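Geometric and topological summary
The primary structure of each chain is shown beneath.
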Amino acid sequence: MDVQYLSLTFLHSEQVGRMSQGFTVKASGLDTGSQDMAGLQERCQLIAEYAMATLTAMAGSAGHAGLASALNGASGKSRRWYTGAWAAYGHASQSLSASSKTYSGADQGVANQVSSVGRDGLFGKLHG
Amino acid sequence: MSAGLPVPGGDPAQLQSLADELEVLGIETGNLGGSTRQTGTSIVESSDWTGDGATSFSGFAENLGQGVSGAEGPFSNMASAVREYAGYLTTAQQKVQAYNSLAETIQTNGSPGGALLADAENAGQAAMSAVQDLNDAGTRAAATVTSESDSLQGLFGSGPAGSWISSQPALGTDFLPPGVFGQPGDPIPPESGGDIIDWIPPDPVGGKIIDPVPPDIGGGSIIDPVPPDIGGGSIIDPVPPDIGGGAEIYPLPPVTGPLINYDRESGDEGPAQGGVAQPGTTGTGPGFDSEGQPTPDDNVNNYIRPPVEGDTNYQVFDPNDKGITITDIDKVNNGTLIEEKSFTGANTQAQNEAWVQRQIVPKLDKYVEARQYMPGYENAPLGVDLTEGANPQLQQAVTQAVDNWKQAHPGVPVTVQWGNP
């Protein structure tokens, strides 16, 4: 189905008593969100490349040993910082994608369970 | 013996331009942070996502967005510090040039008048004072750059994104020493979870090669073996062969440049010029279009790809040391490598000539040195485009200097274009 809408609030009250709280989620929305986060990650990478190149070029044009050294150091520190941010975007994107798959699978599981209840449970007894 | 003072090194115009770029990049980073927070909210809302998972994700995205936004200030402050220093550099270079011109005149005349000597003495004192101011400014700028770049590391704080980043063992290191993630064959440790180990942009700052990756490793995440003899390469962590079992590996970001196509087994020893990209290089990011083909761009370099028509501010690095910039080519136009200059100083004959000797002649030297590391443009003609300030006296000085330079460099065509006087 196009839009997988999973109401685990229903699961909480009727099926899965161990869950502490109910929640809802539209799995396809998470999948789209994963792509959005991946887009931000690419943007982060692009900015980072330019920033580091700019700082390095500054160091080459400075003509002052102390400043050149500081700018080269800043380029390295920027690289580490952008790398952390870049990885965090990737983490968010991957987590959303994984959650989307998990919830889609759970949705299918619920559908199977409901079908089983229909056959063997109250619905089956009434109509058996 | 020359009575002149050494002219302070550095390129103030380039520094000003780069400071402007850094300022813009800081703003772009700030905007990215804003987009991150907005996107995080939008994802939760559009997914009708509620519960603990939604709360957790929202907190992560909010913290990430805030941290990224926070970088705008440090980058802006670094840009301001460099801009201020560039102003001192301009002044110091001009004052030293002015003094040197007077000193040269005195030497030539042999018996100069008292007024000229007094002028020279005043100019000398002004020059030395300007050089001292410049050194002080450089020290101040260095301190600002250091403290502002240090402040980047604390921007994410102890929030969810900051904690996650801190928990990644490879992030925050300059390079990965062998063994950090185990030797080839070891299982991936649980704390790394198979995440990407490090990311090196196509324009690395002294990237270091850790280990060549065995050719039979499989696993799909390795781009190519990295030869040990090529500097500035990408860092790719060895992936153990028994990686299976559902470990997730983040896709490696696109890595452009010659290393990708390096085929060691065929006997190809890699690019002939160290890290310089060779014709046919494709890739992603700056300098390439959406299909991976080279496209004109601003501020790409010869480690990313060879130059193409329409490039601006093309950086040419030493083929064996990417930390050394030979020069930047202002414009690639009609097969010509063009240096753009504007003249804004005073225009006595001595100052015109001094300016030409400082701004034009060294640039031509650099351009001709850089050509050999610009595949396809090794024999390209050079051009000087004086966009502004081309008064008749300056034109005469430039023409004379270029003619002299051409005599010293037979076979290197140089054209000069004049802009507004």
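1. Topic: the overall build of chain A
- Counting its regular elements, chain A contains 4 helices and 2 strands.
- Out of the 128 residues belonging to chain A, those deemed buried represent 47%.
- Contacts in chain A between residues at least 24 apart in sequence constitute 59% of all its contacts with a sequence separation of at least 6.

2. Brief notes about the overall build of chain B
- Secondary structure summary: chain B contains 8 helices and 5 strands in total.
- When the elements of chain B are put in sequence order from the N terminus, they spell out α-α-α-α-α-β-β-β-α-α-β-α-β.
- When each of the 421 residues of chain B is scored for burial, the buried share is 41%.
- Sequence separation of 24 or more characterises 69% of the internal contacts of chain B that already satisfy a separation of 6 or more.

3. Here we look at helix H7 (residues 361–371) of chain B
- When we look at burial in H7(B), the residues that qualify are B:Lys363, B:Leu364, B:Tyr367, B:Ala370 and B:Arg371. With its buried residues spanning 130° around the axis, H7(B) presents them on a single face.

4. A look at the interface of chain B and chain A
- Listed per partner, the contact involves 66 residues of chain B and 57 residues of chain A.
- Going through the elements one at a time, helix H1 (12–46), helix H2 (52–69), helix H3 (72–109), helix H4 (114–151) and helix H5 (160–167) of chain B are the ones with two or more residues in the side of chain B that touches chain A.
- At 14 residues, the largest contribution of residues to the side of chain B that touches chain A is made by H1(B).
- The class makeup of the residues in the side of chain B that touches chain A is 33 nonpolar, 23 polar and 10 charged.

5. What to know about the environment of B:Gly87
Residues and elements named next belong to chain B.
- The topology assignment puts Gly87 in helix H3.
- Judged by C-beta crowding, with 15 C-beta atoms within 10 Å, Gly87 ranks as partly exposed.
- Sequence separation of Gly87 and Ala13 is 74 residues, and the distance between their C-alpha atoms is 9.1 Å.

6. What about H1(B)?
- End to end, H1(B) covers 50 Å across 35 residues, agreeing with the expected 51 Å (1.5 Å per residue, within 8%).
- Phi turns positive one or two residues past the end of H1(B), at B:Asp48, with a value near 50°.

7. Examining the confidence of the model for chain B
Residue and element names in this part refer to chain B.
- On average, residues of chain B score 76 in pLDDT, and 71% of them reach the 70 mark or higher.
- Per-element mean pLDDT across chain B ranges from 72 in helix H6 (residues 349–359) up to 95 in H1.
- Taken as a whole, residues 173–273 scores under 50 in pLDDT and shows 171 contacts with residues more than four places along the chain or in a different chain.
- Predicted complex, confidence summary: ipTM 0.76, pTM 0.52.

8. Focus on the nonpolar core
- Formed by 79 residues in total, the largest nonpolar core has its most connected members in A:Leu71 and B:Val82.
- Contributions of two or more residues to this core are made by helix H2 (27–62) and helix H3 (65–120) of chain A together with H1, H2, H3, H4 and H5 of chain B.
- Looking at this core element by element, the count peaks at 16 residues for H2(A).
- Setting aside residues no more than four positions away along its own chain, B:Val82 makes contact with A:Met58, B:Leu15, B:Ala19 and B:Ala141.

9. Digging into the confidence of the model for chain A
Residue and element names in this part refer to chain A.
- Looking at chain A as a whole, its pLDDT mean stands at 73, while 65% of the residues score no less than 70.
- Within chain A, H2 carries the highest mean pLDDT (93), whereas helix H1 (residues 8–15) carries the lowest (31).
- For residues 1–21, every residue scores under 50 in pLDDT, and the model assigns this stretch 31 contacts once sequence neighbours within four places are set aside.
- When the criterion is pLDDT under 50, residues 114–128 qualifies, and its contacts beyond four places in sequence or with other chains add up to 4 contacts.

10. Focus: the environment of B:Lys363
- Of note, B:Lys363 is situated in helix H7.
- Distance from B:Lys363 to B:Ile329, taken between C-alpha atoms, is 9.4 Å for residues 34 residues apart in sequence.

11. A few points about the packing of H1(B) against H2(B)
All names here are of chain B.
- Where H1 meets H2, the axes come as close as 7 Å, and the angle between the chain directions of the two elements is 170°. With respect to H2, the axis of H1 lies roughly antiparallel. Facing H1, whose interface residues are Thr29, Gly30, Leu32, Gly33, Gly34, Thr36, Arg37, Gly40 and Val44, H2 presents Ala54, Phe57, Ser58, Ala61, Glu62, Leu64, Gly65, Gln66, Val68 and Ser69.
- Per-class residue counts for the contact of H1 with H2 are 7 nonpolar, 10 polar and 2 charged.

12. Quick word on unusual backbone geometry
Residues and elements named next belong to chain B.
- Phi at Asp48 is positive, roughly 50°, even though this residue is not glycine.
- One can find Asp48 in the loop between H1 and H2.
- Of note, the phi angle at Asn313 is positive, near 50°, even though the residue is not glycine.
- When the 19 C-beta atoms within 10 Å are taken as the criterion, Asn313 is described as partly exposed.

13. Digging into the packing of H3(B) against H4(B)
Residues and elements named next belong to chain B.
- Where H3 meets H4, the closest approach of the two axes is 8 Å, and the angle between their N-to-C directions is 160°. Classified by the angle their axes make, H3 and H4 are roughly antiparallel. As for how H3 packs across H4, the hand of that crossing is left-handed.
- Taken together, the residues of the contact of H3 with H4 sort by class into 26 nonpolar, 8 polar and 5 charged.

Scoring rules and cut-offs
Residues numbered from 1 in each chain as written. Chains lettered and ligands numbered in written order. Predicted model: local features only at pLDDT ≥ 70, side-chain atom pairs only at ≥ 80, totals over all residues. Helix = DSSP H or I, 4+ residues; strand = E, 2+ residues; numbered from the N terminus. Buried ≥ 20, exposed ≤ 12 C-beta atoms within 10 Å, placed from the backbone. Contact = placed C-beta atoms within 7 Å. Arc of directions from axis to C-beta. Nonpolar A, V, L, I, M, F, W, Y, C, P; charged D, E, K, R; others polar. Expected span 1.5 Å × (residues − 1). pLDDT = per-residue confidence, 0-100. Core = buried A, V, L, I, M, F, W, Y, C linked by C-beta atoms within 7 Å. Axes fitted to C-alpha atoms, helices over the stretch in contact; angles between N-to-C directions. Parallel < 35°, antiparallel > 145°, perpendicular 65-115°, else oblique. Left-handed = near helix turned anticlockwise from the far one by under 90°.

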